[in-house]
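# Observations on the three-dimensional arrangement
Here's the letter readout for the chains.
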2 protein chains.
Amino acid sequence: MLRAFRSSTLRQVSKRFNSTSVAATYFPQEPTGPVFQTESIPGPKSQELNKELGEVYDNHATYFVVDYFKSLGNYISDADGNKLLDVYCQISSIALGYNNPELIKVAKSEEMINSIVNRPALACFPSTNYKTILEDGLLAAAPPGMDRIWTALSGSDANETAYKAAFMYQHAKLRGDKPFTQEELTSSMENKLPGASDMSILSFDKGFHGRLFGSLSTTRSKAIHKLDIPAFPWPKAPFPKLKYPLSEFETENREEEQGCLYELESIIENSPSKIAAVIVEPVQSEGGDNHATSFFFQGVRDITKKHGILFIVDEVQTGVGASGKMWAHEHWNLSTPPDMVTFSKKFQAAGFYFSNPDLQPKLPYRQFNTWCGDPSKAILAKGIYQEIVKHNLVEKTAKLGDYLYKNLNDIFSKFPQKVSNLRGENFGTFIAWDCQDVDLRNKILLACRERGVNLGGCGDYSIRLRPTLVFEKKHADIFLNILEDVLSKV
Amino acid sequence: MLRAFRSSTLRQVSKRFNSTSVAATYFPQEPTGPVFQTESIPGPKSQELNKELGEVYDNHATYFVVDYFKSLGNYISDADGNKLLDVYCQISSIALGYNNPELIKVAKSEEMINSIVNRPALACFPSTNYKTILEDGLLAAAPPGMDRIWTALSGSDANETAYKAAFMYQHAKLRGDKPFTQEELTSSMENKLPGASDMSILSFDKGFHGRLFGSLSTTRSKAIHKLDIPAFPWPKAPFPKLKYPLSEFETENREEEQGCLYELESIIENSPSKIAAVIVEPVQSEGGDNHATSFFFQGVRDITKKHGILFIVDEVQTGVGASGKMWAHEHWNLSTPPDMVTFSKKFQAAGFYFSNPDLQPKLPYRQFNTWCGDPSKAILAKGIYQEIVKHNLVEKTAKLGDYLYKNLNDIFSKFPQKVSNLRGENFGTFIAWDCQDVDLRNKILLACRERGVNLGGCGDYSIRLRPTLVFEKKHADIFLNILEDVLSKV
């Protein structure tokens, strides 16, 4: 648990940004600002509970212990009763705020209770209402060209099952209508060719796609995730290192992206074995909120198409509205849709991928496991999606993001030595920036926490914003005041 | 969807086994026997719904579509209103029967609703009540010597995170107190040694440990699971092929097991790189319900101990009472506990492993992901565990299993050409047998379904029983009558 300095006197912050809006809000009972009960955060109760938890569960990464019963809307309550404005939101989850009343209704519904008590093995014994649940929720949210869904249990699981679908698809294409050979059947049981595959998934430098063995092999963000774990010898391509703001450096960025695309095609052409799929995040989140432009992503789409490689977009973190569009890859105006789109977090809920029908294996028990997802999570996702539509939250997030970006830009112009490379213009609240170094980054994170803002880092020295979709101007103003104050003092 | 033959006239079965017990049951409203609404199963509604589902979701493996609202206790209701006695139970899940009233209470509890609506990133923001939830549920069920728990999302996920813990443990032991070297840090990002590991997990022929990339590399049950998927070149050892009943063939079986142990040790001694852990199921379930004796498992424990290899027991299918003990490995009376025990299904709920404290990584973000489990599943598991204890269900399952085994043995003596190798003596309801061939096995499965029993296969030509823990003598009698009738007619 990170230790924070004492800061009671530091909690008086300016009110330069001060929302005058009295528009109706989603959480009328929400606190009007951070609430403090202890000298520093984590307070004594949080520390004590975390120590006790450590006796049975790995607690090395705890920020603070949370009272989820007392958390509300955009405010997370810790065990000591401190209430922090949350712009990290369980690592980019919690789409509709804590204890959202509509989701409580969903959680109390007969449909939900039934799905919890009678967890089905979906691929053998699907429920009478499963198609409706999918159609009224997840599939209604699907991007164009993707009318099939696979339901899994996490972002990692979504990516791994997408990889499996890709391998099966590519081998089926090679095999044609022929059945498996005896040699394939036998060798697969020995983990050997030709039954096991020597194909690969290509990912990008600094990409993050999960932490199970297949997904971790494509994750390239941080060594601490990968050290000591066996990995497949799969290829990695460079991801563009762009200059921000993107609008100011179009020429240089185009050159950088063109270079990366050349390199990608060269890796593909020189690969000793077939690359089944390329996976990419619309914004490399864990790796430092690294952006690329539509030119780059369209290029990746074109190259994969040309070489018969599947194109998987990993929207585990970018998906479901935060970018100002339902799916971040909608910003790209691709000429043809991706082959698969994986997603998870903001649906608080398991993991999924959309695909076109070609990606569905033709035989039973190919893409299969006991649960094949969890209806309770699909029901929750349906509830989240319907609230998003009802309240027009994607568009609102786009506008609020513009307000945040503009004012952060203004604030950061005063502290060019401390913070730079603000990014996420016209990209909703999916905003991030670099700090001078990792020490300063951590100081800023802790100083914000002490002042009542829960914020998260990414990459080596970056900070990312990941508020809810019900984050409003009044919350933005509180955040901006505190951040400006912190930047002036650290 | 398997097609069944019309069978209305076949539904008159004898009543040789006829429970006279009027003891209180868990589900007073449960049907008194199978209920039929359609000529055959799946009926027209089930077929129609499955066809529709196939437009959006992979439905190749569907048995029939289920109305989980109308299912109760040991009876699963299909979309057409047929009610089948369920001895397969969502592939060995559903510990307490469908729509168990105590679990409905759990699902309606404030604790559950809160956990669903506010899904936490547990390793960063654990809830104030998480330790209590674990202690009152899963940890209270822990076998001796295992006071740590890791919470994951499925059996596969539990195994993969256990493997990761094993690799990290073994490398930390080699590394001592030294920090990671620059070469390790750099090479890990390239998926190369020495940062990535060349250690392995050893599994047994016919073992099943899941279907993600790492777990699938240890799965050796069926080619259809493994074909076309990249796999790690990890070693495989022979699993004893025993003769049943075990009590009749002690000498031959001992010889077979001794041979397998010699082979195991030889593989370990000749392995080109370190084996981090050995994983084994107490009964190889998916692979055909293959048993081994305590002698074999004690031998595996001794050999792993001698060579500094971790011993992981995969209780995903055997755990939580069905074997007549809470954990099947308790049958072995091991001299020292396993290092990790993974489990999932009967807790209907995510996946978990128990371990000793040494297996917990010493650094943050080593064993880590966004969710790190799901409190809603831990709460459900707590409810299941408390019901098991309250009603003494493990002991009752042991007794009911003895009744089932004895009578199956009696029935099978009449059909030695059709069924053989009954197994699971003194092993609760975890009972299976072989059929003459795969065709006969499938005929028996379908004929039982037509007569109102939902039954599952395993291995190449075996049938496995996986009833709930609230399966009583009256249910056993209905099942025995139908099975005897089917065997006399197929």
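Criteria and cut-off values
- Residues numbered from 1 in each chain as written.
- Chains lettered and ligands numbered in written order.
- Predicted model: local features only at pLDDT ≥ 70, side-chain atom pairs only at ≥ 80, totals over all residues.
- Heavy atoms only, no water.
- UniProt positions renumbered as here; feature names shortened; annotations may be inferred.
- Helix = DSSP H or I, 4+ residues; strand = E, 2+ residues; numbered from the N terminus.
- Rg over C-alpha atoms; globule rule 2.2 N^0.38 Å.
- Buried < 20%, exposed > 50% of the residue type's maximum accessible area, 1.4 Å probe, protein only.
- Areas by Shrake-Rupley, 256 points an atom, 1.4 Å probe, with all protein chains shown as cover.
- Lys, Arg positive; Asp, Glu negative; His and termini not counted.
- Charge placed at Lys NZ, Arg CZ, Asp CG, Glu CD.
- Least-squares fit on C-alpha atoms with pLDDT ≥ 70 in both.
- Contact = heavy atoms within 4.5 Å.
- Polar contact = N/O pair within 3.5 Å; in protein donor to acceptor, adjacent residues only side chain to side chain.
- Axes fitted to C-alpha atoms, helices over the stretch in contact; angles between N-to-C directions.
- Parallel < 35°, antiparallel > 145°, perpendicular 65-115°, else oblique.
- Left-handed = near helix turned anticlockwise from the far one by under 90°.
- Pairing = 2+ DSSP bridges.
- Buried area = accessible area lost by both parts, 1.4 Å probe.
- Salt bridge = Lys/Arg side-chain N within 4 Å of Asp/Glu carboxyl O.
- Nonpolar A, V, L, I, M, F, W, Y, C, P; charged D, E, K, R; others polar.
- Arc of directions from axis to C-beta.
- Core = buried A, V, L, I, M, F, W, Y, C linked by side-chain atoms within 4.5 Å.
- Domains from an automatic or database assignment.
- pLDDT = per-residue confidence, 0-100.

- Looking at an unreviewed UniProt entry, one finds chain A named 4-aminobutyrate aminotransferase, with Candida tropicalis as its source organism.
- Under the heading Catalytic activity (unreviewed entry), UniProt records this for chain A: "4-aminobutanoate + 2-oxoglutarate = succinate semialdehyde + L-glutamate".

### Remarks on the overall build of chain A
- Along the backbone of chain A there are 15 helices and 16 strands.
- Compactness check: chain A gives a C-alpha radius of gyration of 23 Å against a globular reference of 23 Å for 490 residues, within 12% of the reference.
- Within the span of chain A, comprising 490 residues, buried residues form 67% of the whole.
- Looking at chain A as shown, the accessible area adds up to about 16800 Å², and 52% of this sits on carbon and sulfur atoms.
- In chain A, 55 side chains carry a positive charge and 58 a negative one; their mean positions are 3 Å apart.

### Points about the relation of the copies chain A and chain B
- Each copy superposes on the other: chain A lies on chain B with an RMSD of 0.0 Å after a rotation of 180 degrees and an axial shift of 0.0 Å. What the superposition gives is, in effect, a two-fold axis relating one chain to the other. By C-alpha distance to the rotation axis, the residue of chain A lying nearest is Phe 213 of chain A, at 2.9 Å.
- Taken together, the interface assignments show that 100% of the residues at the interface of chain A recur at the interface of chain B, consistent with an identical surface on both copies.

### Examining the side chain of Asn 407 of chain B
- If you trace the backbone, Asn 407 of chain B turns up in helix α13 (residues 393-412).
- Among the polar contacts listed, one links the side chain of Asn 407 of chain B to the backbone oxygen of Tyr 403 of chain B, at a separation of 2.9 Å.

### Let's talk about the packing of helix α10 (residues 250-270) of chain A against helix α11 (residues 294-306) of chain A
All names here are of chain A.
- Where α10 contacts α11, the axes come no closer than 10 Å and their chain directions differ by 20 degrees. When the axes of α10 and α11 are compared, the pair comes out roughly parallel. Considering the relative orientation of α10 and α11, their crossing is right-handed. Between α10, through Arg 254, Glu 257, Gln 258, Cys 260, Leu 261, Leu 264, Glu 265 and Ile 268, and α11, the contact on the second element is made entirely by Phe 295, Phe 296, Gly 299, Val 300, Ile 303 and Lys 306.

### As for the pairing of strand β10 (residues 340-343) of chain B
All names here are of chain B.
- Going residue by residue along β10, you find Met 340 and Thr 342 tucked away on one face and Val 341 and Phe 343 tucked away on the opposite face as well.
- Relative to β10, strand β9 (residues 310-314) runs parallel, the two sharing three bridges. Of the residues in β10, the one forming a bridge with Asp 314 is Thr 342.
- Note that β10 and strand β11 (residues 351-355) share four bridges and pair antiparallel. Bridge assignment links Met 340 to a residue of β11, and that residue is Ser 355.

### Some words on the interface of chain A and chain B
- Of the residues lining the interface, 126 residues belong to chain A; the matching set on chain B comes to 126 residues.
- Interface area, chain A with chain B, both sides summed: about 11300 Å², of which 61% is carbon and sulfur.
- The largest share of the area that chain A buries against chain B comes from Tyr 57, Phe 125 and Asp 228 of chain A, three residues that together contribute 8% of it.
- For the pair chain A and chain B, the number of links is ten salt bridges.
- Among the elements that take part in the side of chain A that touches chain B, helix α6 (residues 155-175) of chain A stands out by supplying eight residues, more than any other.
- Here the side of chain A that touches chain B is built from residues that sort into 66 nonpolar, 31 polar and 29 charged.

### Observations regarding helix α1 (residues 44-53) of chain B
- Those residues of α1 of chain B not exposed but buried are Ser 46, Asn 50 and Leu 53 of chain B. Down the axis, α1 of chain B shows its buried residues gathered within 60 degrees of arc, on one side only. Opposite the packed face of α1 of chain B, turned more than 90 degrees from it, sit the exposed residues Pro 44, Lys 45 and Lys 51 of chain B.
- The inward-facing, buried residues of α1 of chain B contact α5 (130-136) of chain A.

### Considerations on the sheet that holds strand β9 (residues 310-314) of chain A
- Strand order in the open sheet formed by seven strands is β3-β11-β10-β9-β6-β4-β5 (chain A), with mixed pairing between adjacent strands. On the outer flanks of this sheet lie β3 (148-152) and β5 (236-237) of chain A, each paired with one strand and no other.

### Notes on the nonpolar core
- Residues Phe 125, Phe 204 and Phe 347 of chain A together with Tyr 57, Phe 125, Phe 204 and Phe 347 of chain B are the most contacted members of the largest nonpolar core, which totals 225 residues.
- Excluding residues within four positions of it along the chain, Phe 204 of chain A makes contact with Arg 220, Lys 236, Ala 237, Pro 238, Phe 239, Leu 264, Val 278, Ile 279, Val 280, Gln 284, Phe 296 and Val 300 of chain A.
- Core analysis: the next-biggest nonpolar cluster, separate from the first, contains 35 residues, Leu 85, Leu 400, Cys 435 and Ile 463 of chain B among them.

### Concerning the domain arrangement of chain A
All names here are of chain A.
- In terms of domains, chain A is made up of domain 1 (22-102 + 393-475) and domain 2 (110-390).
- Each of domain 1 and domain 2 was reduced to a C-alpha centroid, and the two centroids are 28 Å apart.
- Contact residues are listed per partner, giving 32 residues for domain 1 and 29 residues for domain 2.
- For the domain 1 and domain 2 pair, buried surface summed over both sides reaches about 2500 Å², with 57% attributable to carbon and sulfur atoms.
- Together, Val 394, Phe 427 and Phe 430 form the three largest contributors to the area buried by domain 1 at its contact with domain 2, with a combined 25%.
- At the surface where domain 1 touches domain 2, the tally comes to three salt bridges.
- A salt bridge links Arg 466 to Asp 289, with the shortest nitrogen-to-oxygen separation between them at 2.4 Å.

### Some details on helix α7 (residues 182-189) of chain B
- Taken together, the buried positions of α7 of chain B are occupied by Glu 184, Ser 187, Ser 188 and Met 189 of chain B.
- Residues of α7 of chain B that are buried in the fold lie against α9 (223-226) and β5 of chain A together with α6 (155-175) of chain B.
- Just past α7 of chain B, the residue Asn 191 of chain B takes up positive phi, approximately 60 degrees.

### Some words on the pattern of salt bridges
- A full pass over the atoms with the stated rule returns 54 salt bridges over all chains.
- A salt bridge links Glu 484 of chain A to Arg 16 of chain A; the shortest N-O distance between them is 2.9 Å. Of this pair, Glu 484 of chain A sits in helix α15 (residues 473-489) while Arg 16 of chain A sits in the segment before α1 (44-53), and the two are 468 residues apart along the sequence.
- Judged by its relative accessible area of 42%, Arg 16 of chain A falls in the partly exposed class.
- A salt bridge links Lys 489 of chain B to Asp 485 of chain B; the nearest nitrogen and oxygen atoms lie 2.9 Å apart. Separated by four residues within a single helix, Lys 489 of chain B and Asp 485 of chain B lie in helix α15 (residues 473-489), roughly one turn from each other.
- Here Lys 489 of chain B falls in the partly exposed class, since its relative accessible area comes to 47%.
- Bridged by salt links that share partners, the residues Arg 16, Asp 410, Lys 414 and Glu 484 of chain A form one connected network.

### With respect to the environment of Lys 105 of chain B
Residue and element names in this part refer to chain B.
- Locating Lys 105 in the fold gives a position in helix α3 (residues 101-108).
- Residue Lys 105 is classed as exposed on the basis of its relative accessible area, which comes to 55%.
- Measuring from C-alpha to C-alpha, the distance between Lys 105 and Gly 383 comes to 9.1 Å, with 278 residues separating the pair along the chain.

### A short note on the pairing of β3 of chain A
All names here are of chain A.
- Counting buried positions over the five residues of β3 gives five, a clear majority of the element.
- In the sheet, β3 pairs with strand β11 (residues 351-355) via five bridges, with the strands oriented antiparallel. When the sheet's bridge partners are listed, Ala 152 is paired in β11 with Gly 351.

### A word on unusual backbone geometry
- The omega torsion across Tyr 244 of chain A and Pro 245 of chain A is -5 degrees, close enough to zero to call that bond cis.
- By secondary structure assignment, the location of Pro 245 of chain A is in the loop between β5 and α10.
- Cis geometry marks the peptide bond from Ile 41 of chain B to Pro 42 of chain B, where omega comes out at 5 degrees.
- Mapped onto the elements of the fold, Pro 42 of chain B is located in the segment before α1.
- Of note in the backbone geometry, Asn 333 of chain B takes a positive phi value of approximately 50 degrees without being a glycine.
- Mapped onto the elements, Asn 333 of chain B comes out in the loop between β9 and β10.

### What to know about the confidence of the model for chain A
Residues and elements named next belong to chain A.
- Model confidence for chain A is summarised by a mean pLDDT of 94, while 97% of its residues fall at 70 or above.
- Every residue in residues 1-7 is under pLDDT 50, and counting partners more than four places away or in other chains gives 26 contacts.
- The complex prediction reports pTM at 0.95, with the ipTM value standing at 0.95.

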